[in-house]
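Listed here are the chains, written in short residue letters.
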Amino acid sequence: MFTASGLGAMRANTAMLTLRRRAAARVVARPGRFPSPARVFAQAASSSSSSSGTVPPTNTRAAAAYDCSCCPPGSPFLFRLPELTRPASARGVSTSTRSASGSPAALASAVPSDVPSVASDLVAYLNASWTAFHACAESAKMLTAAGYTRLSERDEWDLKRGGKYFFTRNASSVVAFAVGEKYEPGAGFAIVGAHTDSPCPKLKPVSAVRKGGFLGVGVQTYGGGLWHTWFDRDLSVAGRVLLRRGKDGGRTTHELVRVDRPIMRIPTLAIHLDRNVNADGFKPNAETHLAPLLATAIKGELESERNDQTNETGDEKTKRRKKKEPHHPLLLAVLAEELDCDPGDIVDFELEVCDTQPSVIGGAAREFIYSGRLDNLASSYCALRALLDARPLAEETGVRMVALFDNEEVGSDSAAGAGGTVVADAIRRAVAALCRGSDEEGLHERTARNSFLVSADMAHALHPNYPEKHEGNHAPRMHKGVVVKHNANQRYATTAVTATIFRRCAAMEGIPTQDFVVRNDMGCGSTIGPILSTNLGIRTVDVGVPQLSMHSVREMCGTEDIDICARHFTAFFDNFARVDADVDDVDMP
């Protein structure tokens, strides 16, 4: 006679076996790749019958392929792939259906697991670069490790042929350049320009918000973000903080901060309170609906009391609390914990709201990068890698340069933006330092005419769910090459000449390109290309890596496209001088 508990256990086991049979029956075998469920069951049963009793099969590889931690050895009820014999040439192909921990995993197809190293390195760069400040710092680390000398714009520059240098402005833009050992006055600069900023909510100067029993954080929208994608995300803050620590003698310093743990969230309104949201669309008000919630008011007060370690008297504390604080004490306490300082040491800050979900390699075939800030840190990273990977400077006659700007998403008109003087100053000062004492006529003008700029900003890949949004003959695809952007109304700076030079540099290395033109019935965005081309008088081509979900909190691009882009930019640095020498001067008949 079964006890109640024994009967319940038997029913649970029966239900589990039934589910496994159904799961196995749903698997559709791929001819030539996977055996059918019936064949698997037969093989498993054969293995079991060849053994005495419940002894596992002698073929341990077969046993490992079928057994799991919750089934008897050789169980026919769990469909698992037997280990396939693979040729040595099948590098990077995995048929394992068991996770690294050894627990049962979902059925996985045999797919390439190789990911271009530059794509994996980009993911690491993205995870370290939550803000333009952090991207600038990570870029500086890369350049320093590669032997580049850091310059200060406040000091006199002493440059040499064969030298490699960089400087930053506002700690959010960076310019790096390498001087050819055969550089001569008037030689051109081969430049790749990109930007370090991305759309995001930024904290207001007075960010403390109280409403409905919650502590909120007041934000300004920066750039043209898809703001609805920021709702229901695990959010935090990062940026630059100004400090006046006691140990520094009252000197004002600035430090970067990044709070890795999620500390805030922007919750959506339940559908029960907004019945028409799916029909009418989600239309949040950026001022009233976008403020992230930091804590409940009562919990925030309790935490503030716990973190209050000042030596103030009771009256002093009461007086301070009556004064309206610009930021919630709880937020300041979180920042102070990260910075290892007292909350009172914080003078001011420039903070952004950031998504805490890490950038990753994704897709069933591991062919995508899922991340925020691909626009435009992907271009920035590829430009840096190309500068570092280009051929030695022994035969170089010009100067190779990478310029990564801030504030592109809001028009570039800033000291650290492409609309400012950062590149013009860099070229002028570099030429002056390399040509000391030279009184050659038109030195700077000749340098500009001999120079070439690649304006690199992400491009719109064809969206399979919205193909009508692309012009039929100019619909860029992933894995097909860097996109050359064209616009008759000069929203892009590309000309036939600059497009040809850029393509030919790549063609010399067997690298593909593709083209993009926006539909006539749609507006066209712009880039740093027209701004720099206008201000500097330098030939310019606008290009970009194709991506989906541009300006979303989570964007998407192809791993192969990152590899193609890095190789294309490297080919530009390696081949520009030869290609340009083979092109007639368009202004001389």
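To keep things clear, this report deals only with the structure shown in the data block. Everything quoted here is computed from the prediction, not taken from an experiment. All chains use their own residue numbering, which begins from 1 and follows the written sequence. Local features in this predicted model are restricted to residues whose pLDDT is 70 or higher, and side-chain atom pairs enter the listing and the counts only when it is 80 or higher, whereas totals over whole chains, interfaces and linings include all residues. Water and hydrogen atoms play no part in the side-chain values, which are based on all heavy atoms of the structure.

Okay, the nonpolar core next. By convention a nonpolar core is built from buried Ala, Val, Leu, Ile, Met, Phe, Trp, Tyr and Cys residues, the set being connected through side-chain atoms within 4.5 Å. Burial classes: relative accessible area under 20% of the type maximum marks a residue as buried, over 50% as exposed, and values in between as partly exposed (1.4 Å probe, protein chains only). Ile 369, Val 454, Val 543, Ile 562, Phe 569, Phe 572 and Phe 573 are the most contacted members of the largest nonpolar core, which totals 60 residues. When residues in this core are grouped by element, the largest group, 10 residues, is from helix H15 (residues 559-581). We call two residues contacting when some pair of their heavy atoms lies within 4.5 Å. With residues up to four places along the chain from it excluded, the contact list for Ile 562 reads Val 118, Ala 119, Leu 122, Ile 369, Ala 378, Cys 382, Val 545 and Cys 557. Formed by 35 residues, the second largest nonpolar core is a distinct cluster that contains Leu 203, Val 217, Ala 297 and Leu 335. In this description a helix means any DSSP run of H or I spanning at least four residues, a strand means any run of E spanning at least two, and both kinds are numbered starting from the N terminus.

Bringing the pattern of salt bridges into the picture now. Salt bridge criterion: a side-chain nitrogen from Lys or Arg within 4 Å of a carboxyl oxygen from Asp or Glu. In the structure shown here, the tally under the stated rule is 25 salt bridges. Note that Arg 169 is salt-bridged to Asp 425, the shortest N-O span being 3.1 Å. Of this pair, Arg 169 sits in strand E4 (residues 164-169) while Asp 425 sits in helix H11 (residues 422-434), placing them 256 residues apart in sequence. Side by side, Arg 169 and Asp 425 carry an identical accessibility label, which is buried. Measuring nitrogen to oxygen at the nearest pair gives 2.6 Å for the salt bridge that ties Arg 240 to Glu 350. A residue pair is termed long-range when its members are at least 10 positions apart, and Arg 240 in strand E9 (residues 235-243) and Glu 350 in strand E12 (residues 346-355) qualify at 110 residues. A relative accessible area of 42% places Glu 350 in the partly exposed class.

This paragraph deals with the sheet that holds strand E14 (residues 368-371). Strand pairing is assigned whenever DSSP identifies at least 2 bridges connecting the two strands. The strand order across the open sheet formed by five strands is E13-E14-E22-E21-E17, and the pairing between neighbours is mixed. A strand with exactly one partner marks an edge of an open sheet, and here the two such strands are strand E13 (360-362) and strand E17 (459-460). Along the sheet, helix H4 (residues 117-128) contacts E13 and E14; its crossing angle with E14, the most-contacted strand, is approximately 0 degrees. Here, axes are lines fitted to C-alpha atoms. For helices the fit covers the stretch in contact, and angles between N-to-C directions go from 0 to 180 degrees. Relative to strand E22 (residues 555-558), helix H10 (residues 374-389) is tilted by about 35 degrees, and along the sheet it contacts E14, strand E21 (546-548) and E22.

Side-chain alternation along strand E19 (residues 513-517) places Gln 514 and Phe 516 on a buried face and Thr 513, Asp 515 and Val 517 on a face that remains uncovered. Sheet topology places strand E18 (residues 482-486) next to E19; five bridges connect them, and they run parallel. For Val 484, the partnering residue across the bridge sits in E19 and is Asp 515. Think of it like this: strands point away, you trace from the first strand over the helix to the second, and a clockwise trace means the crossover is right-handed. Between E18 and its parallel partner E19, the chain crosses via helix H13 (residues 496-507), and the hand of that crossover is right-handed.

A separate point is the sheet that holds E4. Taken together, the nine strands give an open sheet; going across it, the order is E3-E4-E5-E15-E6-E16-E20-E18-E19, and neighbouring strands pair in mixed fashion. The strands lining the two open edges of the sheet, one partner per strand, are strand E3 (149-150) and E19. As defined by bridge partners, strand E6 (residues 189-195) adjoins strand E15 (residues 399-405) across seven bridges and the pair is classed as parallel. Residue pairing in the sheet places Ala 190 in a bridge with Arg 400 of E15. Its contacts with the sheet place H11 against E4, strand E5 (173-179), E6 and E15, and it is angled at close to 155 degrees to E15. Docked against the sheet, helix H14 (residues 528-536) engages E6, E15, strand E16 (452-456) and strand E20 (539-544), running at close to 170 degrees with respect to E20.

This part is about the packing of aromatic side chains. For any two aromatic rings, the description comes down to two numbers: the centre-to-centre distance and the angle of the planes. Two rings belonging to Phe, Tyr or Trp (six-membered ring only in the last case) form a pair when the distance between their centres is within 6.5 Å. Interplanar angles under 30 degrees mark stacking, angles over 60 mark edge-to-face geometry, and anything in between is tilted. Tallied over the entire structure, the rule returns 10 aromatic pairs. Note on Trp 157 and Phe 167: the rings are 5.5 Å apart at their centroids and 45 degrees apart in plane angle, and the pair reads as tilted. Here the residue Trp 157 occupies a position in the loop between E3 and E4, and Phe 167 occupies one in strand E4, the gap between them amounting to 10 residues. With respect to class, Trp 157 is no different from Phe 167; both count as buried. For the pair Phe 368 and Tyr 370, a centre-to-centre distance of 6.3 Å together with 25 degrees between the ring planes defines the contact as stacked. Taking the relative accessible area as the measure of exposure, Phe 368 reaches 16% and is therefore buried. Put simply, the rings of Trp 157, Tyr 165, Phe 167 and Phe 177 pair up and form one aromatic cluster. Any Lys NZ or Arg CZ that is within 6 Å of a ring centre and within 35 degrees of that ring's normal is treated as a charge sitting over the ring. In this arrangement the basic side chain of Arg 258 is found over the ring face of Trp 130, its NZ or CZ atom lying 4.9 Å from the centre.

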